[in-house]
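Take a look at the letters that make up each chain.
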Amino acid sequence: MNQQASNNVKKYIVPHLQNIYFFVAVMSLVLIIWQDYGMNKVLNIYPETTPSVFANSDVINNGNSNASLVENEQGAQLHCETKASDAWPFCSLDLVLTEDRSAGINLEKFKYLSLELGYQTTSQDTVLVYLVNADQKIKTKHGSYIIANKSNMTTILPPSGTSHYKLPLAHFFVPSWWILQNKATGEAARPKIDNVIGLSIATGDSHQLRTVDITLKNLQFSGKWISAKSLYFLIILMWLALISVHGLINIYQQSESLKLKHLETKNLEDINSFLSIQKNEFELLAKTDALTGLYNRAGTSELLQQMKANPNSVYSLIMFDIDYFKKINDNFGHEVGDEILTTLATHLQNNMRNSDHVARWGGEEFVIFCPDTTEYNALRIANTLRKNISELPFPMAINVTCSFGVAPFFAGQENSIQDMFKAADNAMYEAKLAGRNRVRIGKH
Ligand SMILES: Nc1nc2c(ncn2[C@@H]2O[C@H](COP(=O)(O)OP(=O)(O)OP(=O)(O)O)[C@@H](O)[C@H]2O)c(=O)[nH]1
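All figures in this text were calculated on a predicted structure; none of them were measured in a lab.

What to know about the overall build of the protein chain
Working step 1: In terms of regular secondary structure, the protein chain is built from 9 helices and 16 strands.
Working step 2: Here the contacts in the protein chain between residues at least 6 apart in sequence split such that 73% fall between residues at least 24 apart.
Working step 3: For the protein chain, the accessible surface area stands at approximately 25,400 Å², while carbon and sulfur atoms represent 56% of it.

This is how it looks when you write it as structure tokens:
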């Protein structure tokens with residue numbers, strides 16, 4: 001579904017689904033009631049369409065019966081006098097519905113044949129009503145084909161006088177004489193009314209010689225525009241279509257909301273990963289000194305905890321402080337003082353081992369934790385550093401020196417961290433007292 005179609009579904013269909021269901025339910029009910037009480041389809045034959053009407057008799061079979069026809073405002077009046085002969089005696093009132101044999105009337109959509117007949121007879125008899133279906137290609141039991149008009153028939157037993165008849169077309173059958181005459185079997189012997197070209201109202205089977213008067217006053221076919229079966233089928237189709245569309249919309253909406261949730265999750269993941277980067281940066285900022293980029297005291301606490309927790313730790317601490325830094329600040333300004341601090345920090349970062357942990361302990365005071373380093377080795381490292389610093393090209397060609405205190409870390413001892421710092425601090429103080437720019441080892 002493209003975006004436009006999806007928007008249209010969301011805008012015009014989804015909000016109205018409830019109304020659509022209600023509308024279809026009401027429409028189904030209305031159609032069912034209408035089909036039952038209305039939707040009538042009527043085909044008036046006589047007198048409205050005034051088809052050709054003829055009187056016929058057994059004369060066509062070499063009989064002697066007399067049939068005459070008078071047509072007036074009363075209707076088509078057949079006067080019949082049956083006479084004895086070798087032929088079966090009969091008279092009939094024949095209506096030609098269409099002249100064109102290939103364009104008969106399809107009566108399959110109709111349900112009833114309604115008749116208004118006047119009837120008088122001198123001897124009780126039935127009346128036979130025929131529907132003649134044109135040009136049936138019929139397979140005989142010998143396998144050959146014949147072309148014949150199929151007669152479909154039903155019988156009524158009329159009282160004297162005028163009566164109305166509503167004959168169901170489903171009650172018409174193929175008379176035995178026609179089946180015999182055409183040697184029809186199976187499907188060929190079943191009634192067919194899809195191309196009716198003629199209709200006959202004939203005297204019945206009685207052999208009694210008699211006078212019969214039949215007056216056709218009215219004749220029509222009636223039915224429904226849509227049969228109940230077709231209508232129910234249509235209604236079921238309509239509901240199936242509605243339910244299917246609703247189902248498809250549901251599936252589509254669920255897949256859309258799933259896509260949206262995936263997108264939201266992805267966005268959240270992106271934000272989280274951004275925030276976690278930020279968190280790491282903030283954590284780092286909190287642990288580092290803003291001016292020099294070295295660790296600050298907070299950045300050292302994790303290391304101190306590790307040292308304390310590991311009884312096999314071999315560490316030495318080098319603590320040092322810039323000599324006469326106050327004077328440098330006073331003589332050259334605070335900015336120059338800062339530059340000296342950063343120059344010194346850069347030198348430490350570039351020249352200390354990666355495993356050494358260098359931190360600015362405060363002001364112009366620095367500490368270096370050296371792992372796997374004995375007190376003696378730390379003394380050597382401190383001396384090299386002292387010498388290098390005193391030779392470093394600082395801004396304004398200022399000669400900078402530092403005083404160092406070195407102390408070992410005795411793991412497993414009570415107050416080992418405090419003792420180590422105290423010893424280093426004391427040693428550094430001694431170095432200052434001894435004239436500065438020197439290294440001293442602290443005693444625990
Ligand atoms: N420029 C600058 N100065 C700082 C900073 N932190 C501390 N100081 C200064 O460093 C100086 C330290 O002075 P003191 O503690 O008297 O020590 P000192 O002058 O170095 O003397 P000794 O340590 O005895 O050799 C003070 O003037 C502080 O203001 C900083 O981040 N930047």
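Topic: a nonpolar patch on the surface
Working step 1: There is a patch of nonpolar side chains on the surface, built from F233, L234, I236, L237 and L240 and spanning about 500 Å² of accessible area.
Working step 2: When you line up the elements, I236 lands in helix 4 (residues 228-287).
Working step 3: Given the relative accessible area of 51%, I236 is considered exposed.

What to know about the site of the ligand
Working step 1: Lining the immediate surroundings of the ligand are 16 residues, of which F325, K326, N329, D338 and R360 lie closest.
Working step 2: A distance of 2.8 Å separates an oxygen atom of the ligand from a polar atom in the backbone of K326.
Working step 3: For the ligand, a nitrogen atom lies 2.8 Å from a polar atom in the side chain of N329.
Working step 4: Here the residues of the shell around the ligand sort into 4 nonpolar, 4 polar and 8 charged.

Remarks on the pairing of strand 5 (residues 91-96)
Working step 1: Extensive coverage of strand 5 is indicated by the burial of 5 of its 6 residues.
Working step 2: For strand 5 and strand 10 (residues 196-203), the ladder comprises 5 bridges, and the chain directions are antiparallel. Pairing of V96 across the sheet is with G198, part of strand 10.

What to know about the pattern of salt bridges
Note on pairing: side chains with opposite charge can pair once their charged atoms come close.
Working step 1: In the structure shown here, the tally under the stated rule is 14 salt bridges.
Working step 2: Here K192 and D194 are joined by a salt bridge, their closest N and O atoms 4.0 Å apart.
Working step 3: Taking relative accessible area as the criterion, K192 reaches 33% and is therefore assigned partly exposed.
Working step 4: Measuring nitrogen to oxygen at the nearest pair gives 3.7 Å for the salt bridge that ties E283 to K279. With a gap of 4 residues between them, E283 and K279 both fall in helix 4, about one helical turn apart.

Some words on the confidence of the model for the protein chain
Working step 1: Per-residue confidence for the protein chain gives a mean pLDDT of 91, with 96% of residues at or over 70.
Working step 2: For this predicted complex, the interface score ipTM comes out at 0.96, alongside a pTM of 0.50.

A short note on the sheet that holds strand 14 (residues 365-371)
Working step 1: Taking strand neighbours across the sheet as the criterion, the 5 strands line up as 13-14-12-15-16 in an open arrangement whose pairing is mixed. If you trace the sheet from one side to the other, it starts and ends with strand 13 (357-362) and strand 16 (439-441), each paired once. The sheet shows a mean angle of 20° between the axes of neighbouring strands, direction not considered.
Working step 2: Of the strand pairs in this sheet, strand 15 (residues 402-410) and strand 16 are connected by 3 bridges, and their pairing is parallel. The residue bridging G405 from the neighbouring strand is R440, located in strand 16.
Working step 3: Running over the sheet, helix 5 (residues 297-309) touches strand 12 (314-322), strand 13, strand 14 and strand 15 and is turned about 125° from strand 13.
Working step 4: Sheet strands in contact with helix 9 (residues 416-433) are strand 12, strand 13, strand 14, strand 15 and strand 16, and its direction is about 155° off that of strand 15.

Regarding the UniProt feature "transmembrane region" (unreviewed entry) in the protein chain
Working step 1: Following the UniProt record, the feature "transmembrane region" (unreviewed entry) maps to residues 20-37 and 231-252 here.
Working step 2: Overall, residues 20-37 shows 100% helix and 0% strand. The separation of its end C-alpha atoms is 25 Å.
Working step 3: Between the first and last C-alpha atoms of residues 231-252 the distance is 31 Å; the span itself is 100% helix and 0% strand.

A closer look at the state of the cysteines
Working step 1: The tally for this structure, following the rule as stated, stands at 1 disulfide.
Working step 2: Covalent S-S linkage joins C80 and C91, the inter-sulfur distance amounting to 1.9 Å. Disulfide C80 to C91: torsion about the S-S bond roughly 70°, handedness right-handed. Of this pair, C80 sits in strand 4 (residues 75-81) while C91 sits in strand 5, and the two are 11 residues apart along the sequence.

So, how was this worked out
- One numbering rule holds for all chains: residues counted from 1, following each sequence as written.
- The predicted origin of the model limits local features to residues at a pLDDT of at least 70 and limits the giving and counting of side-chain atom pairs to 80 or more, whereas totals for whole chains, interfaces and linings rest on all residues.
- No hydrogens and no water enter the side-chain calculation; it runs on all heavy atoms of the structure.
- Helix numbering and strand numbering both begin at the N terminus, where a helix is a DSSP run of H or I of at least 4 residues and a strand a DSSP run of E of at least 2.
- Here, two residues are considered to be in contact whenever any of their heavy atoms come within 4.5 Å of each other.
- Accessibility throughout is a Shrake-Rupley quantity obtained with a 1.4 Å probe, and a residue counts as covered only by protein chains that appear here.
- Residues enter a patch when their relative accessible area is above 30% and they make no salt bridge; the linking distance is 9 Å between like charges and 5 Å between nonpolar side chains (Val, Leu, Ile, Met, Phe, Trp, Tyr).
- Between Lys or Arg on one side and Asp or Glu on the other, a salt bridge is scored when a side-chain nitrogen of the former is within 4 Å of a carboxyl oxygen of the latter.
- Only protein chains enter the accessibility calculation, which uses a 1.4 Å probe; a residue whose area is less than 20% of its type maximum is buried, one above 50% is exposed, and one in between is partly exposed.
- By convention in this text, a residue qualifies as near a molecule or strand provided that one of its non-hydrogen atoms is within 4 Å of it.
- Contacts described as polar in this section are N or O atom pairs within 3.5 Å, which, within protein, must combine one atom able to donate a hydrogen with one able to accept it, while residues neighboring in sequence count only if both atoms come from side chains.
- When residues are grouped by polarity, Ala, Val, Leu, Ile, Met, Phe, Trp, Tyr, Cys and Pro land in nonpolar, Asp, Glu, Lys and Arg in charged, and all others, Gly among them, in polar.
- When DSSP locates at least two bridges between a pair of strands, those strands are taken to pair.
- A score between 0 and 100, pLDDT records how confident the predictor is in each residue.
- Geometry is summarised by axes, namely lines fitted to C-alpha atoms with helices restricted to the contacting stretch, and by angles between N-to-C directions that run from 0 to 180 degrees.
- UniProt positions are given in the numbering used here, feature names are shortened, and annotations may be inferred rather than shown by experiment.
- Any two cysteine sulfur atoms lying within 2.5 Å of each other are counted as a disulfide.

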